[in-house]
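Structural overview for review
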Amino acid sequence: MIHVKTGTPEWTPVGKTLEIIEVDPMLVHYKQYNTIIINNGHEQQNLKVFAKLCKAANIQVLISGRACPALEELRDIADVYD
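Residues numbered from 1 in each chain as written. Predicted model: local features only at pLDDT ≥ 70, side-chain atom pairs only at ≥ 80, totals over all residues. Heavy atoms only, no water.

1. Points about unusual backbone geometry
Leaving glycine out, the prevailing phi sign among residues is negative, and the prevailing peptide bond configuration is trans. Selection criterion: Secondary structure counts use DSSP, requiring at least four H or I residues in a row for a helix and at least two E residues in a row for a strand, with both numbered from the N terminus. Only protein chains enter the accessibility calculation, which uses a 1.4 Å probe; a residue whose area is less than 20% of its type maximum is buried, one above 50% is exposed, and one in between is partly exposed.
With a phi close to 60°, Asn-46 is a non-glycine residue in the positive phi region. Tracing the backbone through its elements, the reader meets Asn-46 in the loop between strand E3 (35-38) and helix H1 (47-56). According to the relative accessible area criterion, Asn-46 is partly exposed, its value standing at 43%. For Asn-58, which is not glycine, the phi torsion reads 60° and is therefore positive. Mapped onto the elements, Asn-58 comes out in the loop between H1 and strand E4 (60-65). Among the residues examined, Asn-58 registers a relative accessible area of 66% and is labelled exposed.

2. Notes on the pattern of salt bridges
Quick reminder of the rule: Salt bridges are defined by distance alone: a side-chain nitrogen of Lys or Arg within 4 Å of a carboxyl oxygen of Asp or Glu.
Counted according to the given criterion, the structure contains three salt bridges. Across the pair Lys-48 and Asp-76 runs a salt bridge, and its minimum N-O distance is 3.3 Å. Separated by 28 residues along the polypeptide, Lys-48 in helix H1 and Asp-76 in the loop between helix H2 (69-72) and strand E5 (80-81) bring together distant segments of the chain. Where Asp-79 meets Lys-55, a salt bridge forms, and the shortest distance between an N and an O atom there is 3.4 Å. Here Asp-79 is found in the loop between H2 and E5, whereas its partner Lys-55 is found in helix H1, with 24 residues between them in sequence.

3. Considerations on the packing of aromatic side chains
The following threshold applies: Only Phe, Tyr and Trp rings take part, Trp by its six-membered ring, and two of them pair if their centres are within 6.5 Å. Stacked means planes under 30 degrees apart, edge-to-face means over 60, and tilted covers everything else. Only when the NZ of Lys or the CZ of Arg is both within 6 Å of the ring centre and within 35 degrees of the ring normal is a charge said to sit over the ring.
What the rule picks out here adds up to one aromatic pair. Taken together, a centroid distance of 5.8 Å and an interplanar angle of 80° make the contact between Tyr-30 and Phe-50 edge-to-face. Here the residue Tyr-30 occupies a position in the loop between strand E2 (17-20) and E3, and Phe-50 occupies one in helix H1, the gap between them amounting to 20 residues. Pair check on accessibility: Tyr-30 and Phe-50 agree, each one buried. For Lys-16, the ring lying beneath its charged end belongs to Tyr-33, and the centroid distance is 5.4 Å. Here the basic side chain of Arg-75 rests over the ring of Tyr-81, its NZ or CZ set 4.0 Å away from the ring centre.

Written out as structure tokens, the structure is:
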């Protein structure tokens, strides 16, 4: 599941969780987590590619940040976009 929210949301993670703060998500071994939180999505590159990989692996991705083109690109693949 991919949940995208503009602003600073309060996330409720499920299971083993990783919060990505200042690292490129593509460098993370994501398959070992149930939930991945990215609170600064407006600063990340390759966000759509990473989200697709997580969705294919059935990993919950919670993405937030300021409104920007990188977050807008996720609208078509996100299960929830707020």
